[in-house]
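Given next are the chains, with one letter for each unit.
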Amino acid sequence: MKLVKKHWFILLFFGAVLWSCDNTSDAQKAYEQNFNEVLRVHDEVMPKMGELNALSMDLKKKIDADSTSTKKYAKANQDLENAYDFMMEWMHGFTDEYVRNQPALEELSEEEILTKNQGLEKELEEVRKMKNAVNSSMEHARDLLSE
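Since this is a predicted model, take the numbers as computed values, not measurements.

What counts as what
- Residues numbered from 1 in each chain as written.
- Predicted model: local features only at pLDDT ≥ 70, side-chain atom pairs only at ≥ 80, totals over all residues.
- Heavy atoms only, no water.
- Helix = DSSP H or I, 4+ residues; strand = E, 2+ residues; numbered from the N terminus.
- Contact = heavy atoms within 4.5 Å.
- Buried < 20%, exposed > 50% of the residue type's maximum accessible area, 1.4 Å probe, protein only.
- pLDDT = per-residue confidence, 0-100.

Can you help me understand the overall build of the chain in this one?
The helix and strand inventory of the chain stands at 5 helices and 0 strands. Scanning the chain from its N terminus toward the C terminus, one meets helices and strands in the order α-α-α-α-α. Looking at the chain alone, contacts between residues at least 24 apart form 81% of all its contacts between residues at least 6 apart.

What follows is the structure, given as structure tokens:
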């Protein structure tokens, strides 16, 4: 009889441990999913900053060398610079709002998590706009430079 009680207790203990490990609310899961997606998009774009700067330098050389096409090269370079600035401003804002000195999700109420998640959904839209600005400005610059 002692053996049966002991096994029952062990099963109950491990069941409680497993339940507590997955005691994450739907709001927390949605927040974490959105947060991870924002980071994924950022991490996809960030490595392109070196190439973006290189394209900008190449366009500046064209501006100096070809006075007849200065406007189109200058416009393409401005688009690259705007995309770069968009990236930097977005990163600083995101870091300030969602990373630096932020409480752990476990310390927030459901309502606070839902509110922060709504903000994250807007951040996801912004990071996607930033990705598009970077990619389209780089593609346009490459096209111009290959003419």
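Read on, since the account is not over.
Explain unusual backbone geometry here, please?
The phi angle of most residues is negative, glycine excepted, and most peptide bonds adopt the trans form. Positive phi, close to 55°, is recorded for Asn101, a residue that is not glycine. When you line up the elements, Asn101 lands in the loop between helix 4 (70–98) and helix 5 (110–145). Under the relative-accessibility criterion, Asn101 is labelled exposed at 72%.

Hey, could you run me through the confidence of the model for the chain in this one?
For any part of a model where pLDDT is low, the fine detail of the predicted coordinates should not be relied upon. The share of residues in the chain with pLDDT of 70 or more is 84%, and the mean pLDDT across the chain is 86. Confidence, expressed as mean pLDDT per element, reaches its minimum in the chain at helix 1 (residues 2–21) with 42 and its maximum at helix 5 with 96. Confidence over residues 1–21 falls short of pLDDT 50; this stretch has 0 contacts with residues more than four positions distant or in other chains.

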